[in-house]
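For reference, the chains in residue letters:
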Amino acid sequence: DSPWRKSLSDSIAFGCIPVLFSNDTDNVAPWFWGDWKAAGRVLVDRDDFVAGRVDLLELLGSVPPGLLRLMRETLAGHARRYQYSL
């Protein structure tokens, strides 16, 4: 897998909130993310997840509705900035 995989930009373009497990992926293309990255994705500590210290369904289910709304609005307003083509 590559931090630069196209599926990340495709997911964002379709309005999906990306769930990232790698700092490498999180640090990809800062010029596309701009200042809205923190409100446009969920970053899960990979080591904690692999070690079983993070229950992904529980974590994602615990995101407050207001924050989900903010994340969706953020993606809707900025997703076009993230698109790139090969």
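Scroll up for the structure.
Notes on the structure follow.

1. Some points on the overall build of the protein chain
- Helix and strand counts for the protein chain stand at 6 helices and 2 strands.
- Counting helices and strands in the order they occur from the N terminus, the protein chain gives α-β-α-α-β-α-α-α.
- Across its three principal axes, the protein chain shows a C-alpha extent of roughly 35 × 30 × 20 Å.
- Per-residue burial for the protein chain yields a buried fraction of 29% across its 86 residues.
- Pairs at least 24 apart in sequence give 61% of the contacts found in the protein chain among residues at least 6 apart.
- Seen as two clouds, the 10 positive and the 11 negative side-chain charges of the protein chain have centres 7 Å apart.

2. Some details on helix α1 (residues 6-13)
- Among all positions of α1, only Leu-8, Ser-9 and Ile-12 are buried. Within α1, the buried residues cover an arc of 95° as seen down the axis, which keeps them to one side.
- The secondary structure elements touched by the buried residues of α1 are β1 (19-20), α2 (23-26), α3 (30-33) and α6 (65-82).
- Directly after α1, the chain includes Gly-15, whose backbone phi takes a positive value near 85°.

3. A look at the environment of Gly-77
- By the secondary structure assignment, Gly-77 is in helix α6.
- C-alpha separation for the pair Gly-77 and Trp-36, spaced 41 residues apart in sequence, amounts to 9.7 Å.

Reading the values: rules and limits
- Residues numbered from 1 in each chain as written.
- Predicted model: local features only at pLDDT ≥ 70, side-chain atom pairs only at ≥ 80, totals over all residues.
- Heavy atoms only, no water.
- Helix = DSSP H or I, 4+ residues; strand = E, 2+ residues; numbered from the N terminus.
- Buried < 20%, exposed > 50% of the residue type's maximum accessible area, 1.4 Å probe, protein only.
- Contact = heavy atoms within 4.5 Å.
- Lys, Arg positive; Asp, Glu negative; His and termini not counted.
- Charge placed at Lys NZ, Arg CZ, Asp CG, Glu CD.
- Arc of directions from axis to C-beta.

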